[in-house]
Protein chains: 2
Amino acid sequence: MTETPAKDSIRPRRGRRDSRPSGDDRERAILATAERLLGGRALDEISIDDLARGAGISRPTFYFYFASKEAVLLSLIDRVVAEADAGSEGRLEELPADPTAHWRSTIDAFFATFRAHRAVTLAAARAHGTNREVQELWARVMENWIRRATAAITAERTRGAAPEGPPARDLAIALTSMNERVLLATFAADQPSLAEPEAVNTLLHIWLNAIYHPPTPPH
Amino acid sequence: MTETPAKDSIRPRRGRRDSRPSGDDRERAILATAERLLGGRALDEISIDDLARGAGISRPTFYFYFASKEAVLLSLIDRVVAEADAGSEGRLEELPADPTAHWRSTIDAFFATFRAHRAVTLAAARAHGTNREVQELWARVMENWIRRATAAITAERTRGAAPEGPPARDLAIALTSMNERVLLATFAADQPSLAEPEAVNTLLHIWLNAIYHPPTPPH
DNA sequence: GAGCTGGTCAACACAGTGTCGAGACGTTTG
DNA sequence: CAAACGTCTCGACACTGTGTTGACCAGCTC
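Every chain is numbered on its own, with residues counted from 1 as its sequence reads. Think of it this way: whatever chain is written first is A, whatever ligand is written first is 1, and the rest follow in order. It should be noted that, the model being predicted, local features are given only for residues of pLDDT at least 70 and side-chain atom pairs only at 80 or more, the latter also being counted only at that level, while totals for whole chains, interfaces and linings use all residues. Only heavy atoms go into the side-chain values, all of them from the structure, while hydrogens and water stay out.

The name recorded for chain A in an unreviewed UniProt entry is HTH-type transcriptional regulator EthR, from Embleya hyalina.

Set out below in structure tokens:
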């Protein structure tokens, strides 16, 4: 086991085993089937046979394209992340003329990114506890948001618009974690959760107060 | 299937099938084994055979005591919740003389509750996505914290110490969600996470500012 | 037309779950 | 005290899902 082909392994592609040509359709069919089925049930309630049949192939053939169900989910997440990154290219980012608008658009973007692929997002969240690779990929995505928020907070502080307070990164981590959890609960329509419009407003209130008010205690 | 015995079903005990006497030790042995093993790996990496052997019984005998692995986890969570409720009986709660101290102690209590059974907490979080019963139980626990926070915020507002702003419950949900996510990341030592001392301080800052500052936007 | 490469699948080995039926052991009760 | 009953135990089975092996076909290349 654990053979090391070492040949043609320029890039460790998540999906197909090695070469390039067609049969690509099959791969896409598997991904499409997975995303479709994830709309209805969790990944562990979907068998590899379901995925294979959905793509019109047999179970062993599935393994020609993906090493496991989890690898399929990883591919799906990759695509979402890539789409999101592409979409956020054109973000303003450098316009703190109206800070409130800036932060609102950041939070909106966070929701928009994951709303476009709600099923994949929820599946990723579920797999987060189980699967190390999903964990790492998700961590990279969050790290991205955290870094942007940290930079923005720091910028506001050096500009004099925001007071000093807890380390910018600590603040960014806590606030982004909040966004993540609230978003997940909202998408899953969990018991104690906020519907989307209120969610964004409430989160925005918390972000603004956390960033723009000094840590002065109440009377 | 789904027979309804209706006899002796006064209380739907989570654990043993029906009667009362000893053999209790076995049940406790299973629970102890489960908590021990959860310290090292996730629930789906633990087989029923592991649980049974750990408790010194055979696999079929396990089913005499619990309907599934998940039922064991549920029992474990029940115990943590019961302990936590018992422990929070003596909480001050009615002393807003020093609001900062009040909120700090609330956040500390949140961490302390789950730190005592870190492994069970993490297992519960992992199972949250998969298992409906865990979901409901966890929701009840969170609802509890949310209700207390909502009441406290409302009290501070009517007392005039806190300004109006987003609905108290919305605020409580978002802030409690933040605590939950940050706590889980901290316990799991996830990638972007806060170590405990900073975590509590940062969370406290966010709570205080969210509650005691009006939603006035920055300049 | 021999040989390579991409693609396919029947059949197998295996791990884990849940159930059934046969008991052992202790306690009422006739 | 023996028969009947409830608790408790487990060997053996059926089933579901995963991952692998080995044979095979089609097309392309020299």
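Further notes follow.
**Q** Even after reading the chapter, I still don't get the interface of chain A and chain B, so can you show me in this structure?
**A** One frequently used descriptor of interface size is the decrease in accessible area upon assembly of the parts. Facing 48 residues of chain A, the contacting portion of chain B comprises 47 residues. By buried area we mean the combined loss of accessible area, with a 1.4 Å probe, across both parts when two parts are placed together. Carbon and sulfur atoms make up 64% of the surface buried where chain A meets chain B, a total of about 3,800 Å² over both sides. Each reported salt bridge corresponds to a side-chain nitrogen of Lys or Arg within 4 Å of a carboxyl oxygen of Asp or Glu. One can count 2 salt bridges joining chain A with chain B. For Glu 180 of chain B, the salt bridge is made with Arg 181 of chain A, and the minimal N-O distance between the two is 2.7 Å. Here a polar contact is recorded for every N or O atom pair within 3.5 Å, except that within protein the pair must consist of a potential hydrogen donor and a potential acceptor, and residues adjacent in sequence are included only if both atoms are side-chain atoms. Summed over the shared surface of chain A and chain B, the number is 9 residue pairs in polar contact (both at pLDDT 80 or more). A contact between two residues is defined here by any heavy atoms of the two lying within 4.5 Å.

**Q** Just to check I follow, could you spell out the confidence of the model for chain A for this structure?
**A** Should the pLDDT be low somewhere, the predicted coordinates at that spot are not to be read in detail. Residues and elements named next belong to chain A. As a per-residue measure, pLDDT tells how confident the predictor is, with possible values from 0 to 100. Here chain A averages 86 in pLDDT, and 83% of its residues register 70 or above. The helix count covers DSSP runs of H or I at least four residues long, the strand count covers runs of E at least two residues long, and both are numbered beginning at the N terminus. Ranking the elements of chain A by mean pLDDT puts helix 4 (residues 69–87) last with 89 and helix 8 (residues 168–188) first with 98. Between residues 1–13, whose pLDDT stays under 50, and residues either more than four places distant or in other chains, the model counts 5 contacts. Within the model, the stretch residues 17–21 combines pLDDT values under 50 with 7 contacts to residues more than four positions away or in other chains.

**Q** What is the right way to read the packing of aromatic side chains from this model?
**A** To describe a pair of aromatic rings, you give the distance between the ring centres and the angle between the ring planes. Any two rings among Phe, Tyr and Trp, with Trp reduced to its six-membered ring, count as a pair given centres within 6.5 Å; such a pair is stacked if its planes are under 30 degrees apart, edge-to-face if over 60, and tilted if neither. Under the definition given, this model contains 18 aromatic pairs over all chains. Ring centres of Trp 103 of chain B and Trp 207 of chain B lie 5.5 Å apart, and the angle between their planes is 40°; on these two criteria the pair is classed as tilted. You can see Trp 103 of chain B sitting in helix 5 (residues 99–115) and its partner Trp 207 of chain B sitting in helix 9 (residues 196–212), a full 104 residues away along the chain. Here the two residues Trp 103 of chain B and Trp 207 of chain B agree in accessibility, since each one is buried. Each residue in the set Phe 110, Phe 111, Phe 114, Trp 138, Trp 145 and Phe 187 of chain A is aromatic and connected to the rest through ring pairs, giving one cluster. Placement of a charge over a ring requires the Lys NZ or Arg CZ to be within 6 Å of the ring centre, with the centre-to-atom vector within 35 degrees of the ring normal. Here the guanidinium or amino end of Arg 148 of chain A rests over the ring plane of Trp 145 of chain A, the centre of that ring lying 4.9 Å away. Each residue gets one of three labels from its accessible area relative to the maximum for its type: buried under 20%, exposed over 50%, partly exposed in between, using a 1.4 Å probe on protein chains only.

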